[in-house]
Amino acid sequence: MKKIIAWLLSCVLLCMGGFTAFAVASDSLTDSPEYGEIQKTFSEISQMEENCKESFGKSENNVEKYQQLSFAPELAYPVYDCSLPADEMQEGFSRLEEYGWEVPVRNGNGEIVVVASVKKLDGKWELVSYGQAEEAEIQALSGNGAEKQLKRERSLEKAEVSARKIISLDRYDVTAAYLETSAGDYIVPVTTSAMAPNIEASTVYTADEFVELLHAGGETTGPNENAGSPESAEAWLWNTETVVFCAVLAGLLFALAFGAFWRIKKRKMG
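Owing to the predicted nature of the structure, the values given are computational and were not obtained by experimental measurement. Within each chain, residues carry numbers counting from 1 in the order of the written sequence. The predicted nature of this model means local features are confined to residues of pLDDT at least 70 and side-chain atom pairs, given and counted, to a pLDDT of 80 or more, with totals for whole chains, interfaces and linings taken over all residues. Think of the side-chain values as coming from all heavy atoms in the structure, minus any hydrogens and water.

Strands here mean DSSP runs of E at least two residues long; helices mean DSSP runs of H or I at least four residues long; both are numbered from the N terminus. Helix and strand counts for the chain come out as nine helices and nine strands. By the burial criterion, 34% of the 270 residues in the chain qualify as buried. In this description, contact between two residues means that some pair of their heavy atoms is separated by no more than 4.5 Å. The contacts of the chain with a sequence gap of at least 6 include a subset with a gap of at least 24, amounting to 48%. The rule is simple: take the accessible area with a 1.4 Å probe, protein chains only, and divide by the maximum for that residue type; under 20% is buried, over 50% is exposed, in between is partly exposed.

Take a look at the structure:
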């Protein structure tokens, strides 16, 4: 009987642990424990409105786009910072803990025009930056669009998602959705950059494929990884010696040919 009770208790705890992991990854800002503290940063909305008008309102008509701004915490999503090199990413995605909140901002017409970044600095949540935003990208990041795309393109209707994170890859300037499922780990990039030339937005990759493409992009666009190594120096020295040898040999051959020509010519003249 004790064994049965212990087994049942283990099952319950395991299920609760799995549910908690998923809930933490998918919780909205309004349900998060830090929401009350983050709300204090929203008082900066008036200053943000003035800055947006000055920075983005280049024409009189465009100024209206950044009037009557208000935060939309129901669409906010946590973003986990990842500065790991490509060869450590795959194992490190699920262990990322540092995160901030991206909070969309609407204008008076209800359009999403700005996204604000709120991060914890010195133990306090602060508004650290904001910039223009595309509503389609915000919807993709804040909703479950990446999960639906994954199941549709990879035929994973029955696959269970145990973890979901939005990850910002600092080294490559890429933002992507990371999905840990019963069928494996997948990455769906939402925004990309020239620093990751092989990665395409709105494309479903397995974690292996994604990391491999990052490696390939780095090898084609980055500096030679072997530069400065003894093998590299030895190869450079060998190439240099070969060029010098060939130049000297060519000079000797030219001198011999010229000497033979000059002797023949001199005999004919004599």
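For patch detection, residues must exceed 30% relative accessible area and be free of salt bridges, and they are connected within 9 Å for like charges or within 5 Å for nonpolar side chains (Val, Leu, Ile, Met, Phe, Trp, Tyr). Calculation of accessible area relied on Shrake-Rupley with a 1.4 Å probe; when residues are assessed, cover is drawn exclusively from the protein chains displayed. Think of a salt bridge as a Lys or Arg side-chain nitrogen and an Asp or Glu carboxyl oxygen that are within 4 Å of each other. Taken together, the side chains of L249, L253 and L256 define a hydrophobic patch exposed on the protein surface, amounting to about 300 Å² of accessible area. Tracing the backbone through its elements, the reader meets L249 in helix 9 (residues 230-269). Judged by relative accessible area, L249 falls into the partly exposed class, the value being 39%.

Method remark: on a 1 Å grid restricted to protein atoms, a set of points is classed as a cavity if a 1.4 Å probe fits but cannot get out and as a pocket if it is open with protein on both sides within 12 Å along at least five of seven lines; lining residues have an atom within 4 Å of a point. Grid points are joined across faces, edges and corners, and a volume is the space filled by probe spheres set on the points. Using the criterion set out here, one finds one cavity of 30 Å³ or more in the structure. Space inside the largest cavity adds up to approximately 40 Å³. Lining the largest cavity are F93, I167, L169, A176, A177, Y178, I187 and F210. Of all the elements in the fold, those that place two or more residues in the lining of the largest cavity are strand 6 (161-169) and strand 7 (174-181). Top contributing element to the lining of the largest cavity by residue count: strand 7, with three residues. Its residues placed into classes, the lining of the largest cavity shows eight nonpolar, no polar and no charged. Classes in brief: Ala, Val, Leu, Ile, Met, Phe, Trp, Tyr, Cys and Pro nonpolar; Asp, Glu, Lys and Arg charged; the others, Gly included, polar.

The next point concerns the pairing of strand 7. Burial runs high along strand 7: seven of the eight residues are buried. At least two DSSP bridges between two strands are required for those strands to pair. The pairing of strand 6 with strand 7 spans eight bridges and is classified as antiparallel. Within strand 7, the residue paired with R164 across the bridge is L179. The hairpin turn running from strand 6 into strand 7, its antiparallel successor, is four residues long, and D173 in that turn takes a positive phi close to 55°. Two elements, strand 7 and strand 8 (residues 184-191), share seven bridges in a ladder whose sense is antiparallel. By the bridge assignment, L179 is partnered in strand 8 with Y186. Two successive antiparallel strands, strand 7 and strand 8, enclose a turn made up of two residues.

In an α-helix, one turn spans 3.6 residues; hence positions three or four apart end up facing the same way. With twelve residues, helix 3 (residues 45-56) should reach 16 Å at 1.5 Å per residue; the first-to-last C-alpha distance of 15 Å fits that figure. Looking only at helix 3, the buried set comprises I45, M48, E49, C52 and F56. Here the buried residues of helix 3 occupy an arc of 105° about the axis, which is enough to place them on one side. Looking at the buried positions of helix 3, the neighbouring elements they touch are helix 4 (60-63), strand 1 (70-71), strand 3 (99-106), strand 4 (112-121) and strand 5 (124-132). One fewer than the residue count of a helix, multiplied by 1.5 Å, yields its expected span. Working definition: the arc comes from the directions between the helix axis and the C-beta atoms, pointing outward to the latter.

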